[in-house]
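Spelled out from the first residue to the last, the chains are:
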Amino acid sequence: MEHYERLEKIGEGASGVVYKARCRRTGAVVAVKRLRGYCGNEDAEEEEVFLREARCLEACRGHPSLVELRAAHLDHAAGGVAAFLVMEYVGPSLAQAMRERGRPFPEAECRRLMRQLLEGARAMHESLGVLHRDLKPDNVLVDAHGNLKICDFGMSRFFAKDTTKSTAPYTSPVVTLWYRAPELLLGSRDYDAGVDTWALGCIMAELLSGGAPLFPGRSEMDQLNRVFDAVGMGGIESWPGFARLPRAGSPLCARPRPPSRLREMFPALSAAGFDVLSGLLDCRPDTRLSAADALRRPWFTDATAADSPDQQPRNACGARFAARVGGAAAADAIVV
Ligand SMILES: Nc1ncnc2c1ncn2[C@@H]1O[C@H](COP(=O)(O)OP(=O)(O)OP(=O)(O)O)[C@@H](O)[C@H]1O
């Protein structure tokens, strides 16, 4: 890592510390995440965690809505091994941006931002077979042009896109509590990409409400209660997977619930916008909107081009991604 001059610390979380840094050779400013606790020493579990994040990031390279990995390094210094992920430097998190803004995003701006997040999710789910599993405003970055990029693939994993070859059971719990889908709160271990689209519904609500989390639960059961109280159970009991859920018998599921209050919570949102919000926040995983389906709803398809002033450069970037996923030579980011 002697190729990089460390600048200021820009973030810190459970899995690592992130610094802004400058490449001594090119002068490019990057973000370097040093993974916490990594010391090599043939600890297979630590290595697995590092490689999984690096491989998911590597798979996502070139998509304009997914943070770009530049390199992954294992640094053999005296006393152990340190693991680093070198990424493009993007900018502050969406959580920070919403705090600083302190007021709701207008609907057209919310649509522009949601389009970017859903395009990133569609690529992860449909082209790459990646589940992010920790989508939240802290894990979305805002670049200098106001465009969004999903980051922090520390909880992500590859999944079988062909559901007849499921690689479940997956880890539970995943996803930060406030953004956790009902099936996860009920203990599901064979969940799918719906866990990411539920989290995107929570982010959309947060954009529309000026940064107030939609379901700020204090425990898993409190979280589930808040979800069911706000959006109803949405017929989750008749979902074929419901009976297998470890917490299907919980008294919380037997309690009668009023119909969804979501519309009352967002009275100013257009009918087309509400169609997307309520589709993402559908308690039943099998009827919840996928990222691809959400992007086909009239809220997006009928929107004017003025909604996406940034279309040009992002499309160029998207074309590079499409060429790569379509089989062009893979980039050689992982240099461990
Ligand atoms: N490429 C980047 N450009 C700019 N800032 C970044 C970048 N990557 C991460 N950050 C900042 O660092 C913070 C922490 O990064 P990251 O989420 O990857 O770490 P983490 O340890 O997994 O965090 P958590 O435990 O909260 O999930 C982010 O919220 C963001 O503010």
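Residues numbered from 1 in each chain as written. Predicted model: local features only at pLDDT ≥ 70, side-chain atom pairs only at ≥ 80, totals over all residues. Heavy atoms only, no water.

Caption draft 1: Region of the structure containing the side chain of D282. Tracing the backbone through its elements, the reader meets D282 in the loop between helix 9 (271–280) and helix 10 (291–295). At 5.8 Å, R288 is the nearest oppositely charged side chain to D282, a buried residue that forms no salt bridge. Among the polar contacts made by the side chain of D282, one reaches the main-chain amide nitrogen of R284 at a distance of 2.9 Å. Not counting chain neighbours up to four residues away, the residues in contact with D282 comprise W198, G234, T287 and R288. (Helix = DSSP H or I, 4+ residues; strand = E, 2+ residues; numbered from the N terminus. Buried < 20%, exposed > 50% of the residue type's maximum accessible area, 1.4 Å probe, protein only. Lys, Arg positive; Asp, Glu negative; His and termini not counted. Salt bridge = Lys/Arg side-chain N within 4 Å of Asp/Glu carboxyl O. Polar contact = N/O pair within 3.5 Å; in protein donor to acceptor, adjacent residues only side chain to side chain. Contact = heavy atoms within 4.5 Å.)

Caption draft 2: Representation of the UniProt feature "binding site: ATP" (unreviewed entry) in the chain. Residues annotated by UniProt as "binding site: ATP" (unreviewed entry) correspond here to K33. Its location among the elements puts K33 in strand 3 (residues 29–35). With residues near it in sequence (within four places) discarded, K33 still touches S15, G16, V17, V18, E53, A83, F84, L85, M87 and D152. Here the side chain of K33 touches S15 through a polar contact of 3.2 Å, side chain to side chain. (UniProt positions renumbered as here; feature names shortened; annotations may be inferred.)

Caption draft 3: Representation of the domain arrangement of the chain within the structure. Here the chain is partitioned into domain 1 (4–88) and domain 2 (94–307). Taking only C-alpha atoms, the centre of domain 1 and the centre of domain 2 are 27 Å apart. Between domain 1 and domain 2, the residue contacts involve 14 residues of the former and 19 residues of the latter. Contact between domain 1 and domain 2 buries roughly 1,400 Å² in total, counting both sides, with carbon and sulfur atoms accounting for 64%. At the boundary of domain 1 and domain 2, one finds two salt bridges. When the shortest N-O distance is used, the salt bridge between K33 and D152 registers 3.3 Å. Linking domain 1 with domain 2 are seven residue pairs in polar contact (both at pLDDT 80 or more), by the criterion used here. Split by residue class, the side of domain 1 that touches domain 2 holds seven nonpolar, two polar and five charged. (Domains from an automatic or database assignment. Buried area = accessible area lost by both parts, 1.4 Å probe. Nonpolar A, V, L, I, M, F, W, Y, C, P; charged D, E, K, R; others polar.)

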